[in-house]
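For reference, the chains in residue letters:
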Amino acid sequence: MAAPPYDHFKKLLVLGDSGVGKTSLLLRFSDIPIGTDLSVKTIEMDNEWVKLQICDTNSQERLFKKITRACYEAADGILLVYDVTNESSFLHVRDWIRKNIHSSSNNVKKVLVGNKADMDDESKRAVSRARGQTLADVCDIMFLETSAKTNKNVEDVFFALASCT
Ligand code: GDP
Ligand code: MG
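Read on for a plain summary of the structure. These numbers were taken from a predicted model, which means no experiment stands behind them.

Remarks on the overall build of the chain
Point 1. Of the regular secondary structure elements, the chain holds five helices and seven strands.
Point 2. For the chain, the N- to C-terminal ordering of α and β elements is β-α-β-β-β-α-β-α-β-α-β-α.
Point 3. When burial is assessed residue by residue, the chain has 41% of its 165 residues classed as buried.
Point 4. If you sum the accessible surface of the chain, you get close to 9,200 Å²; carbon and sulfur atoms cover 49% of it.

Section: the nonpolar core
Point 1. Phe29, Ile43, Leu52, Ile54, Leu79, Val81 and Phe158 are the most contacted members of the largest nonpolar core, which has 23 residues in total.
Point 2. Among the secondary structure elements, those contributing two or more residues to this core are β1 (8-15), α1 (22-29), β3 (38-45), β4 (48-55), β5 (77-83), β6 (109-115) and α5 (154-162).
Point 3. Looking at which element gives the most residues to this core, the answer is α5, with six residues.
Point 4. The contacts of phenylalanine 29, once residues within four sequence positions are left out, are Lys41, Ile43, Leu52, Ile54, Val154, Glu155, Phe158 and Phe159.
Point 5. Core analysis: the second largest hydrophobic core is formed by 20 residues, Leu80, Val84, Phe90 and Leu112 among them.

Examining unusual backbone geometry
Point 1. Phi is positive for lysine 116, which is not a glycine, with a value near 70°.
Point 2. The exposure class of lysine 116 is partly exposed, given its relative accessible area of 24%.
Point 3. The backbone of asparagine 153 shows a phi angle near 60°, a positive value even though the residue is not glycine.

Re α1
Point 1. Among all positions of α1, only Lys22, Leu25, Leu26 and Phe29 are buried. Around the axis of α1, the buried residues are gathered within 95° of arc, so they sit on the same side.
Point 2. For α1, the elements touching its buried residues are β1, β3, β4, β5, β6 and α5.

Brief notes about the packing of aromatic side chains
Point 1. On inspection of all chains with the given rule, the structure shows three aromatic pairs.
Point 2. Both rings, one in tyrosine 6 and one in phenylalanine 9, keep their centres 6.0 Å apart while their planes meet at 35°; by these two values the pair is tilted.
Point 3. Using a relative accessible area of 25% as the deciding quantity, one classes tyrosine 6 as partly exposed.
Point 4. When the ring of phenylalanine 29 is compared with that of phenylalanine 158, the centres are 4.0 Å apart and the planes differ by 10°; the resulting orientation is stacked. You can see phenylalanine 29 sitting in helix α1 and its partner phenylalanine 158 sitting in helix α5, a full 129 residues away along the chain.
Point 5. Classification of phenylalanine 29 by relative accessible area gives buried; the value is 3%.

So, how was this worked out
- Residues numbered from 1 in each chain as written.
- Chains lettered and ligands numbered in written order.
- Predicted model: local features only at pLDDT ≥ 70, side-chain atom pairs only at ≥ 80, totals over all residues.
- Heavy atoms only, no water.
- Helix = DSSP H or I, 4+ residues; strand = E, 2+ residues; numbered from the N terminus.
- Buried < 20%, exposed > 50% of the residue type's maximum accessible area, 1.4 Å probe, protein only.
- Areas by Shrake-Rupley, 256 points an atom, 1.4 Å probe, with all protein chains shown as cover.
- Core = buried A, V, L, I, M, F, W, Y, C linked by side-chain atoms within 4.5 Å.
- Contact = heavy atoms within 4.5 Å.
- Arc of directions from axis to C-beta.
- Phe/Tyr/Trp six-rings, centres within 6.5 Å; stacked < 30°, edge-to-face > 60°.

Structure, rendered in structure tokens:
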């Protein structure tokens, strides 16, 4: 049998409130949407090819819980996305992390992602960079602010998760 055209295979899951930019981040990063909720991209890291299968989630969908659970149980890495202009999206992701972080079954690598960082003026921003960083520090996970609009830090988020062991 032929060897697969990659050295590692990782399954990632994108979580966060509706409207925070999950699908936009995925569209920025991946080249092949293979369904409404699934994309793949193969990247080169340290002279090895890592194939990423990324599961988007859509809270409008009736099957949401089922899909998310299936993806969640299989996930190697999770992007926890909030919108820096939307306080409640941050509080929801914060609650999610705090609820899950102490569960022993849950040693999946996570990155906290503050998206829409291009909307940086005082009148629009609702969650400071410092608040995002503090939450990530408390929970001992990585933190990045991104913009799916300008492409800021988008690759970095996925590369960070691709390097999880
Ligand atoms: P989802 O529901 O989490 O998948 O969010 P979407 O990807 O559908 O994005 C929701 C809205 O936010 C859309 O109108 C996007 O164009 C917009 N959006 C997404 N990411 C960004 C970003 O980084 N900056 C700005 N300014 N708008 C964004
Ligand atoms: Mg979406």
